[in-house]
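Architecture at a glance
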Amino acid sequence: QVQVVESGGGLVQAGGSLTLSCAASGSRIGVNIMAWYRQFPGKAREYIARVTRDGTTNYADSVKGRFTLYRDSAKNTAYLNMSSLKPEDTATYYCQMVPLLSTTTYWGQGTRVTVSS
């Protein structure tokens with residue numbers, strides 16, 4: 001059974017840093033893409049960043065230069081390092097995993113990040 005588990009959320013002051021982790025398991029054929037999204041109350045989930053199997057990253061303009069995504073392929077774990085956090089980064093952050101040779105996406109349960117001013 002495929003599982004995606006996020007961790008690392010919490011409360012941080014504006015200007016601070018936080019690292020979220022996403023661990024994927026259960027995919028017999030390996031993991032292709034690992035991505036992060038966030039959701040504000042009453043809003044649709046929005047894309048933040050993704051990393052492919054070969055380590056290529058892509059970021060949304062809203063986080064470019066502040067967030068860094070990297071991946072430990074041996075552990076099927078992705079890390080989202082968030083710095084220079086702003087109160088408007090407060091949201092629930094979700095990890096998405098896409099297995100190799102598949103178009104199915106799997107989501108974690110989300111982890112809450114609160115940035116205080």
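Here's a quick rundown of the structure. Since we're looking at a predicted model, the values are computed, not measured. Counting from 1, residues in each chain are numbered in the order their sequence is written. Per-residue local features of the predicted model are confined to residues with pLDDT of at least 70, and side-chain atom pairs are confined, for both listing and counting, to 80 or more; whole-chain, interface and lining totals are unaffected and use all residues. By convention in this description, side-chain values take in all heavy atoms of the structure and omit both hydrogens and water.

The next subject is the pattern of salt bridges. One side-chain nitrogen of Lys or Arg within 4 Å of one carboxyl oxygen of Asp or Glu is enough to make a salt bridge. Evaluated as defined, the whole model comprises 4 salt bridges. With a shortest N-O distance of 3.2 Å, Lys64 and Asp61 are connected by a salt bridge. Neither Lys64 nor Asp61 differs from the other in exposure class; each is exposed. With a shortest N-O distance of 2.8 Å, Arg66 and Asp89 are connected by a salt bridge. On the criterion of sequence distance, the pair formed by Arg66 in the loop between β6 (57-59) and β7 (67-72) and Asp89 in the loop between β8 (77-82) and β9 (91-99) is long-range, its members being 23 residues apart. In this structure Asp89 comes out as buried when scored by relative accessible area, which is 1%. Within this structure, Arg38, Glu46, Arg66 and Asp89 form a network of salt bridges that share partners. Only protein chains enter the accessibility calculation, which uses a 1.4 Å probe. A residue is then buried if its area is under 20% of the maximum for its type, exposed if over 50%, and partly exposed in between. What counts as a helix is a DSSP run of H or I of at least four residues, what counts as a strand is a run of E of at least two, and both are numbered from the N terminus.

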